[in-house]
Structures are given as structure tokens and as C-alpha cells.
Amino acid sequence: MKIRISEQAIPEIEANTIIILLPSRLPEALQTLDPALKNRIDEARQAMPLYTKDSIVLLSHGEVKAQKLFLLKVPDNADSFELRQIYSQAGREARLRELGPDVAIALTGLLDPLMEAEIAVEGLVQGSYLPELYKTEKAHKSLENLILCFSRTFEIEKIVRKAELVGNTQNYVRDLVNEPASRATPLFLVEEAKRIASETGSRIEVLSLNDAEKMGMGAFSAVARGSDQPAFMVKLHHPGEDGAQKLGLVGKGLTFDSGGLSLKPWESMTTMKSDMAGAAAVLGAFRVLSFLRPELDFMAFLPLTENLPSGKSYKPGDVVRAMNGKTIEVLSTDAEGRLILADALCWAVKEGVTHIVDVATLTGACIIALGHETTGLFTNSEAWRKQILMAALKAGERVWELPMFPEYKELIRSEIADLANSAGRSGAPAGAIFGAMFLKEFVPEEIAWAHMDIAGPSWLPKSSKTMASGATGASFRTLVELGLSF
Ligand SMILES: [Zn+2]
């Protein structure tokens, strides 16, 4: 979607629809409406509960240049998170009701105007997304242009360009995740990473399975061996100014997870094309940060592979060796995400990053704990935790910390090797913490590290009022805000 700013009075704006969010008092920008229309809006607002739950479409009858007005109710005390949700809802309904292709929006004035402008653009772009990649006939026409009613200043231009980039890139991340696994293979993601590298003037290094094996990435290689699709380990480097700190983003890129020989039940496999949502979020964040913070020196690491059963697959009971020399007993081949991440973390450490965030659809247990609303956060650093939670707040994403008390180390004990990758039975307790305790073994204490388990929020099983079902792009905006504040 393209965004433009207009200083015209609302009645003069030419668009298919003007979206108006209504708190109990008419926002300042709407005072320019002629009295007749103002009265109709007031009437409609009072009548809203009779017609629909919280929104209504009015035809303008020539009182304004736009053909339609789309009104949505907003609580007067809405905070930034809630307002973002309502803007998403507005985008979603505008798309479903085909109120475009050109829509205009006036702000409510409930928040600082620049902050609201950013939230409004991101929310509308993201809300209007539908995963109709393969519909032979597009069921719902796209919203193409968004006109923001605002007096033009340097600051607002900057904010709108950022929100446009963030909103559209989040939808790109969702496309990557929604793509079927037979198309979005490891090679497909490598091509995307190469395209982003050249677009952003970044360096890219792509390791084949052979290269990875030679570098000692025995955990990644064990998982990759079972598939006929070539697997890759990718490093992206955006060279900025040298500083004391260097950020490393790591994203799990399991392009399809069958569970391997510890095969999943078929129902659990239906959404497993999304097991690369971490890698997609990292790719998106890498792209946006390269544009918005060209001076920042940072890296991204993407282990990309499938996990399939075959004659070459690794087996339960196998022992594999990660790049840092630690040996791992594989009790479940379905706990493969932590294995490929182990080697990606080791590589990030070797490349000299001082701060790491890994993002992964790691455990079903995290969905049990936090549902599809919230990302689980684990970290070894108090300061890093604060920075990540601040970024999540700014991004409007729900993130909640889970513990890594030393007692939990008992979970990952193995009799035969340094660590076990799983409890080796289903329904074992503290599964999300197990994953985090395992990953911690691959990052030295002096490096600030955090792990975000996005198994729940990265995929919505059912559409909500504000968001289409399927891929959501969860954690992408938090990574962007984290990079911007780094
Ligand atoms: Zn798995």
C-alpha cells in the first residue's frame, strides 16, 4: 500500500472512503466537515449499537468528495496498543468490504499526533492484509492508496515513510510464511536473502551443507541430512560504523517440519510450513534496519532446512556435536529447531556479536503457556531484557518473560552426552523452558542473549477482528524497534 499525506480539508479529499475513528467527541480534524454531515455522523454514532457491533458505512450523498464514510467506535481511554488494534480492524474491514482502493484517514487525537500517525499507518497496512496468494480470482480487491490527513512537516514525512516501510515489510514477512513449503524451500529463502542483501548494500555468505559440516556444525547438519532439498546456513552482514557493540539476529528457518523420524501426527503438520517464521521475521527486520539505520553494524544468521524422514535421517538416540564442541543426545528428532539454532548461535558468537536475539517457532509448550497472543521471552541479561521489553511496547507486540532458574538445568541432562535435546516423551513439563535452557548452552555468559519463542503468535489458526488467519509476522516489529534503539 502507498501512503501519502494530504493537507486538504476532509470534505475536499478525493478518495473512495474516509475512515473515521470516533471517540465520544468528534476529533479536531473532523470539525471541518459541514454541519449537515457532522449531524449525520453524530446520528450514526448514536445508532451504531442498533446496526452493527462497532462500525458502520455511510454513503456521503455529495456532502464530501469521498463516496463513503466508514465509522468505527473507539473508547476515549484507548491506549496505543488498543488504538493500533482498532486501526488494524479498520484496515481489515475496509479490505473485506471493498471500501478502496483509495482510503483516507483522519486521526482521533487521543494520542500524540506523530505517534498516532505511525500506529495508524502500520495498523491499517497490516490489518488490510489477506493471505490470498493463490486465489485464482482475488476475492477482495486490495487497498492501494492511503491518504493521511495531516499538516505536512519534515517530521511527519519521516514517520510516515517509516510506517509505510514497516507495514509493507511486515506483510512481505507474512507472505514468506504463508507460501507453501514446496515453494518456500531453503533455496527460495536464500534467493530472498540475496535480493535483500543487494537491495540494502549488505554482504551475504551462504554455506552449503558440506561447508556447514566442515565448519563443525554437526547439529544443523544432522537435521538437514534427511531431506532432498539442499540446506543452507546464511549470514547477512550490514556493515555500518564500527562500535563497541554489535547486534546479531538469529531466526529459525525450518521450511517444513514433519518431525523427522519422530513423525508428527498429520493434523500437527498442516501448519508446519510456518516453522520458518523466525527466519522470515529476521529477514524483514534486517531489510528495514538497513534502510532506517544505515550506520548500524549488525548481522543476521539463518539456518535453513527441512526436517523429513528418509533413509538418511538422523535417528532418536543419535549423538551429534555442535560447532562449540558440545555433544547432544537426540531423544526426539522433532526437537530439531534447537539443534539448527545451536550452530547458528555458535556462528554468531564466532563472528563477534555482543548482543543476540534469536526468534523461533520453538515449542508447542509455549503455545500452551501463552496462547497465540503472546511471545515467550528468555534472557541471560537484565539490561537486554529491559531493552527488548521497551522495544516490544513501542512495537505494540505482547511479550512476556518466562524463567530460566538454574534448577531447570536438570531438564537438559543426558547420561551419554553433554546435553539432551528433549525429555524424550510427550507431555513432559516446562517444554518452553527446556528449549531456552538448551539454547543458553551455546552462548557464552558475557554475551547478552535473548530467545523469543513465537510458536503461538506467529500463526493465527482463525481470523480475528484485527488480523487475517495464518502468518502474522510476530516479533518482526519488536526486532525493528530493538535495532532502532540499539
Ligand atoms: Zn520439530
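Residues numbered from 1 in each chain as written. Predicted model: local features only at pLDDT ≥ 70, side-chain atom pairs only at ≥ 80, totals over all residues.

**Regarding the overall build of the protein chain**
And step 1. For the protein chain, the helix and strand inventory stands at 14 helices and 20 strands.
And step 2. Compactness check: the protein chain gives a C-alpha radius of gyration of 24 Å against a globular reference of 23 Å for 486 residues, within 12% of the reference.
And step 3. Evaluated residue by residue, the protein chain yields a buried proportion of 50% over its 486 residues.
And step 4. For the protein chain, the share of sequence-separated contacts (at least 6 apart) that also reach a separation of at least 24 residues comes to 80%. (Helix = DSSP H or I, 4+ residues; strand = E, 2+ residues; numbered from the N terminus. Rg over C-alpha atoms; globule rule 2.2 N^0.38 Å. Buried ≥ 20, exposed ≤ 12 C-beta atoms within 10 Å, placed from the backbone. Contact = placed C-beta atoms within 7 Å.)

**Points about the nonpolar core**
And step 1. Core analysis: the largest hydrophobic core is formed by 147 residues, its most contacted members being Val282 and Leu345.
And step 2. Among the elements that make up this core, the one with the highest residue count is helix H9 (residues 277-292) (10 residues).
And step 3. Domain assignment of the residues forming this core places at least three in each of domain 1 (2-151) and domain 2 (175-484).
And step 4. Discounting residues that sit within four places of it in the chain, Leu345 has contacts with Val250, Ile356, Asp358, Leu439, Phe442 and Val443. (Core = buried A, V, L, I, M, F, W, Y, C linked by C-beta atoms within 7 Å. Domains from an automatic or database assignment.)

**Digging into the domain arrangement of the protein chain**
And step 1. What the domain assignment lists for the protein chain is domain 1 (2-151) and domain 2 (175-484).
And step 2. Across the boundary between the two partners, domain 1 contributes 13 residues, which contact 10 residues of domain 2.
And step 3. Among the residues forming the side of domain 1 that touches domain 2, the class breakdown is 6 nonpolar, 5 polar and 2 charged. (Nonpolar A, V, L, I, M, F, W, Y, C, P; charged D, E, K, R; others polar.)

**Description of the pairing of strand E6 (residues 145-149)**
And step 1. With 4 of 5 residues buried, E6 is to be regarded as a mostly interior element.
And step 2. Where strand E1 (residues 2-6) lies against E6, 5 bridges are found, and the strand directions are parallel. Note that in E6 the partner of Ser6 across the bridge is Cys149.
And step 3. Looking at chain direction, strand E5 (residues 102-106) and E6 are connected through 5 bridges and run parallel. Counterpart to Val103 in the pairing with E6 is Leu146. (Pairing = 2+ DSSP bridges.)

**Things to note about the environment of His372**
And step 1. Structurally, the position occupied by His372 is in the loop between helix H11 (364-370) and strand E15 (375-379).
And step 2. Among the residues examined, His372 registers 17 C-beta atoms within 10 Å and is labelled partly exposed.
And step 3. Separated by 84 residues in the primary sequence, His372 and Gly456 place their C-alpha atoms 4.1 Å from one another.
And step 4. Apart from the residues lying within four places of it in its own chain, the contact partners of His372 are Ile367, Gly456, Pro457 and Leu460.

**Considering the packing of helix H3 (residues 113-127) against helix H4 (residues 154-178)**
And step 1. Viewed as axis vectors pointing N to C, H3 and H4 meet at an angle of 25°, and their least axial separation amounts to 8 Å. Relative to H4, the element H3 lies roughly parallel. Handedness of the H3/H4 crossing: right-handed. When H3 is examined against H4, the residues Leu114, Ala117, Glu118, Val121, Glu122, Val125 and Gln126 are found in contact with a partner set consisting of Glu155, Ile156, Ile159, Val160, Lys162, Ala163, Glu164, Val166, Gly167, Asn168, Gln170 and Asn171.
And step 2. Of the residues in the contact of H3 with H4, the class split is 9 nonpolar, 5 polar and 5 charged. (Axes fitted to C-alpha atoms, helices over the stretch in contact; angles between N-to-C directions. Parallel < 35°, antiparallel > 145°, perpendicular 65-115°, else oblique. Left-handed = near helix turned anticlockwise from the far one by under 90°.)

**What to know about the environment of Glu93**
And step 1. Examined against the element boundaries, Glu93 turns out to sit in helix H2 (residues 80-96).
And step 2. A count of 21 C-beta atoms within 10 Å places Glu93 in the buried class.

**Some points on the sheet that holds strand E12 (residues 319-321)**
And step 1. Here we have 3 strands laid out as an open sheet, ordered E12-E13-E17, and mixed in their pairing. Looking along the sheet, the strands with just one partner apiece sit at the ends: E12 and strand E17 (419-420).
And step 2. In the sheet, strand E13 (residues 327-329) pairs with E17 via 2 bridges, with the strands oriented parallel. When the sheet's bridge partners are listed, Ile328 is paired in E17 with Leu419.

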